Amino acid sequence: MAADKPKVGYIGLGSMGLGMATNLHANLKKEGENLHVHNRTESKAKALLKEGAVWESSPAEIAQKCDITFSSMFADEGLISTFKAWLSGNPKKGSLYVDSSTVYPGTVKQLTADATNAGVHFVSAPVFGRPDAALEHRVLFAVAGPKEAKEQLQPYFKWMGRGTLDVGDEPYQASVMKITGNFFIVSCVETIAEGMTLAEKNGISRDLIAQFVSNTFPGPIYPGYAERLAAGRFEVTPSSPGFPVSGVFLLTLVCMNTAAVTLDCGIHATYLCGIKDLGLMQRLAQESSVPLPLADVIMSHEKEAERQGKGALDWGCIADILREKAGLEKR
């Protein structure tokens, strides 16, 4: 591996990847380097290429030219095929492949084994945060992998996020951390939705419950969702980011770092966000013989939201599903 300035690549410029790649490239430029990028659709790299990033036509080319490769994929299938294509480029021995996708731990175990057989290192580093947080380097990385690799990657994580959680030396552990963390978050949403419905049905306003939550459970998750559920503001827009149940949404990223550079890139993408991640929770629970009844309840509400055509809304829209079940008027 290059001793001074490793060549760095990024694969996957979706809603999360583009924000992280943007910050990574901006900081690499300060070091006199440019980020090498690849995406299934080249148009999504337009803004980065305008800023000097180098386009590579395949994951194999990234492998051939870079010492460190980051990736962000939506689901297991995309990560598996991308990593296989990257390995086909015969990366240099000791190269690092760092993935930020939310995928199943078993997938990470298999890719780790494949990496070891090829003489390279696989590091799992899924993130907590939405696309707006990715662009504003506010995501939190859950990192697991070889100790030396994690140490080498720290500067890059600092460029892209607000911090790291060192989950362990086995990459799959980071996937377990991510799935568990998401369970905590969506459980907060369900708790607020149920509590607000109970209060509203008995004459207590949702706004008053939101005030109670903000004063009792300070922090970004509980107060943020309490305010959103009280207002019934579930549409996912650039000014009101969210985590859709499923469907198509538009994300426009603006302002790269402090340079106030406008990124000319509206991203249209299809995601099964809430339902997909809940499925990972249920699968991990089942295969671990751990009861997770709350995840089952939440999944039923999210699927009902999808059946009602609310797939593009934030997963907090289950609040309206519960209101309807309680016989309250539609908002």
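Each value, and the rule that gives it
Residues numbered from 1 in each chain as written. Predicted model: local features only at pLDDT ≥ 70, side-chain atom pairs only at ≥ 80, totals over all residues. Heavy atoms only, no water. Helix = DSSP H or I, 4+ residues; strand = E, 2+ residues; numbered from the N terminus. Rg over C-alpha atoms; globule rule 2.2 N^0.38 Å. Buried < 20%, exposed > 50% of the residue type's maximum accessible area, 1.4 Å probe, protein only. Contact = heavy atoms within 4.5 Å. Lys, Arg positive; Asp, Glu negative; His and termini not counted. Charge placed at Lys NZ, Arg CZ, Asp CG, Glu CD.

Asker: Where do I start with the overall build of the protein in this structure?
Answerer: Per the secondary structure count, the protein includes 13 helices and 11 strands. Taken over C-alpha atoms, the radius of gyration comes to 21 Å for the protein, in line with the 20 Å a tight globule of 331 residues would show. Dimensions of the protein along its principal axes, counting C-alpha atoms only, are 65 × 45 × 35 Å. Split into buried and exposed, the 331 residues of the protein put 52% on the buried side. The contacts in the protein between residues at least 6 apart in sequence include a share of 67% that link residues at least 24 apart. Distance between charge centroids for the protein: 2 Å, based on 33 positive and 36 negative side chains.

Asker: I keep staring at unusual backbone geometry and nothing clicks. Help me out?
Answerer: Most peptide bonds are trans, and most residues other than glycine sit at a negative phi. Even without being a glycine, H137 presents a positive backbone phi close to 40°. Topologically, H137 is positioned in the loop between α6 (131-135) and β8 (139-144). The partly exposed category is assigned to H137, whose relative accessible area is 35%. Positive phi, normally seen in glycine, also occurs at S289, with a value near 60°. As for its placement among the helices and strands, S289 is situated in the loop between α11 (273-287) and α12 (293-307). Judged by its relative accessible area of 66%, S289 is exposed.

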